[in-house]
Amino acid sequence: MIKRIDATEKAVELINVLKEKHGDLMFYQAGGCCEGTQPQCFEKGGYYQRTGDVCIGKVEDVEFWVDKDLFEYWKHAHFTLTVIDAFGVGGFSLETPLKKTFQIEYRIFTPEEEKDLEPITRIE
């Protein structure tokens, strides 16, 4: 099965730092205002998903949720979670006090990959 999301080594390191400090985590990527389309990292349960939102997979056992409308736009894309040394546009995400910002890089799945994608989970 082809994963829909992966992470760079730097992103994995930061996730592990945040897990040590905050416990279980979750990611949510919206498609709108405030923080734009940057992925947000919260304590698990710290953000309530909406009906139709999609979990595209896990990074270091942390669920990565995507807004339902954003998923429809990007459902043919592979996500790679990265991190940069910069202060993001907002301040809701747990990495903000560390002066880090999670980001997503995209690439389109090949036709062969599309046939073997990991299943998603939707909020019903």
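Here the residue numbers are simple positions, counted from 1 along each chain's written sequence. Reporting of local features is limited, given that this is a predicted model, to residues whose pLDDT is at least 70; pairs of side-chain atoms are given and counted only at 80 or more, and all residues count toward the totals for whole chains, interfaces and linings. Note: side-chain values were computed over all heavy atoms of the structure, leaving out hydrogens and water.

Engineer: Quick question: what am I supposed to make of unusual backbone geometry here?
Structural biologist: Generally, phi is negative for residues other than glycine and the peptide bonds are trans, each holding for most cases. The backbone of Asp-61 shows a phi angle near 65 degrees, a positive value even though the residue is not glycine. What counts as a helix is a DSSP run of H or I of at least four residues, what counts as a strand is a run of E of at least two, and both are numbered from the N terminus. Counting through the fold element by element, Asp-61 comes out in the loop between β4 (54-59) and β5 (62-66). Exposed residues in this analysis have more than 50% of their type's maximum accessible area, buried residues have under 20%, and partly exposed residues fall in between, with area computed by a 1.4 Å probe over protein chains only. On the basis of relative accessible area, Asp-61 is assigned to the exposed category, the value being 68%. For Lys-99, which is not glycine, the phi torsion reads 60 degrees and is therefore positive. Looking at where Lys-99 falls in the secondary structure, it is placed in the loop between β6 (77-84) and β7 (101-108).

Engineer: It is not clear to me how the side chain of Thr-101 should be interpreted in this structure. Could you clarify?
Structural biologist: Within the fold, Thr-101 resides in strand β7. Judged by relative accessible area, Thr-101 falls into the buried class, the value being 3%. Within the structure, Thr-101 has its side chain in polar contact with the backbone oxygen of Ala-86 (distance 2.6 Å). Contacts described as polar in this section are N or O atom pairs within 3.5 Å, which, within protein, must combine one atom able to donate a hydrogen with one able to accept it, while residues neighboring in sequence count only if both atoms come from side chains.

Engineer: I would appreciate a short explanation of the nonpolar core in the present structure.
Structural biologist: Most often, soluble globular proteins keep nonpolar side chains buried together rather than apart. Ile-15, Phe-27, Ile-56, Phe-64, Leu-81 and Phe-102 are the most contacted members of the largest nonpolar core, which has 22 residues in total. Of all the secondary-structure elements, those providing two or more residues to this core are α1 (9-22), β2 (25-29), β4, β5, α2 (68-74), β6 and β7. Of the residues forming this core, the biggest block, four residues, is contributed by α1. Counting residues in hydrophobic clusters, the runner-up holds five residues, among them Met-26, Tyr-28, Phe-42 and Trp-65. Buried Ala, Val, Leu, Ile, Met, Phe, Trp, Tyr and Cys residues form a nonpolar core when they are joined through side-chain atoms within 4.5 Å.

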